[in-house]
Amino acid sequence: IIIERIKIMNKTVNAVLIDPFTQKIREVRVRPQYNADIYLHINASTFDVAEFFPRTVNRDGEQSKVIHSVYVDDEGLFRQDQRFWFNKHTGQVLAGKGIVLGLDDEGNSTSCLWTTKGVMDRIIWIGDRASLSVMGQLGVLDRLPRTPQI
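Since the model is a prediction, treat every value here as computed from it, not as a measurement.

Chemist: Honestly, the sheet that holds strand 6 (residues 92–95) in this entry has me stumped. Any pointers?
Modeler: Consider a sheet: its strands pair through backbone hydrogen bonds, and that pairing is either parallel or antiparallel. Across the sheet, three strands lie side by side as 6-5-9; this open sheet has antiparallel pairing. Single-partner strands in this sheet number two, and they are strand 6 and strand 9 (123–128). Sheet twist, expressed as the mean angle between neighbouring strand axes with direction ignored, is 30 degrees. In the sheet, strand 5 (residues 83–87) pairs with strand 9 via five bridges, with the strands oriented antiparallel. Paired with R83 across the two strands is D128, which belongs to strand 9. Those strands touched by helix 4 (residues 129–137) are strand 5, strand 6 and strand 9, and its axis lies near 115 degrees from that of strand 9.

This is the structure we're talking about:
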């Protein structure tokens, strides 16, 4: 029983890291049952969870939606040297790095089913706080493309 519990606790899943500082997206591995893994990747001590695009998959001949969430720094808006990005699905501007994970039917984190290109196609880089401010003043944020809700 102890060995099985250790195997479960050390199980890693695929995730996608959104890094607005380098404007790159890459695959990473996390142990979702350890918040410390998420904190490490997003450089935060607390996180918040925002909705990301669901992914439709074929399971046993049935179409099924896999919900995805993005984990972001809960205090990201208060950081001085911050970078921002836009989630086309929700129309939200998010601050700092994000980790995209899937969710199973019980609400547990699972591997992200999106590729790095799939995630890239669903976000827009905003830049720094000054860029965000100018985009807001000019009404650009209201005109950014959104992907229809599925």
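So, next bit.
Chemist: Honestly, the layout of surface pockets in this entry has me stumped. Any pointers?
Modeler: Gaps left between atoms are located by rolling a probe of water-molecule size over the structure's atoms. As a volume, the largest pocket reaches approximately 170 Å³. As for the largest pocket, its lining consists of 13 residues, of which D48, V72, D73, L77 and L94 are closest to the centre. Of all the secondary-structure elements, those providing two or more residues to the lining of the largest pocket are strand 3 (47–59), strand 4 (62–73) and strand 6. Looking at the lining of the largest pocket residue by residue, the class counts come to eight nonpolar, two polar and three charged.

Chemist: Help me understand the nonpolar core in this model?
Modeler: Side chains that are nonpolar tend, in soluble globular proteins, to be buried together. In terms of nonpolar packing, the biggest core is built from 16 residues, with I18, F52, V70, W85, V100, V119 and I123 touching the most fellow members. Going through the elements one at a time, strand 1 (13–19), strand 3, strand 4 and strand 9 are the ones with two or more residues in this core. When residues of this core are assigned to their parent elements, the largest contribution, three residues, is made by strand 3. Dropping the residues within four chain positions of it, I18 is found in contact with K24, I25, V70, W85, K97, G98, V100, V119, I123 and W125. With eleven residues, the next largest nonpolar core counts A15, I38, I42 and L101 among its residues.

Cut-offs and rules
Throughout, a residue's number is its position along its own chain's written sequence, starting from 1. Given that the model is predicted, a residue must reach a pLDDT of at least 70 before its local features are reported, and side-chain atom pairs must reach 80 or more before they are shown or counted; all residues, however, enter totals for whole chains, interfaces and linings. In computing side-chain properties, one takes all heavy atoms of the structure into account and sets aside hydrogens as well as water. In this description, strands pair whenever DSSP reports at least two bridges between them. A run of H or I in DSSP becomes a helix once it reaches four residues, and a run of E becomes a strand once it reaches two; helices and strands are each numbered from the N terminus. With axes taken as lines fitted to C-alpha atoms, and helix axes fitted only over the stretch in contact, angles between N-to-C directions fall between 0 and 180 degrees. Whether two residues are in contact is decided by their heavy atoms: any pair within 4.5 Å suffices. Here a cavity means grid points, on a 1 Å grid over the protein atoms only, where a 1.4 Å probe fits yet cannot get out; a pocket means an open set of points with protein on both sides within 12 Å along at least five of seven lines; lining residues are those with an atom within 4 Å of a point. Grid points are joined across faces, edges and corners, and a volume is the space filled by probe spheres set on the points. Just so you know the grouping, Ala, Val, Leu, Ile, Met, Phe, Trp, Tyr, Cys and Pro go in nonpolar, Asp, Glu, Lys and Arg go in charged, and all remaining residues, Gly too, go in polar. Joining through side-chain atoms within 4.5 Å is the link that ties buried Ala, Val, Leu, Ile, Met, Phe, Trp, Tyr and Cys residues into a set, and such a set is a nonpolar core. The buried label applies to any residue whose accessible area, calculated with a 1.4 Å probe on protein chains only, is under 20% of its type's maximum; exposed applies above 50%, and partly exposed to all values in between.

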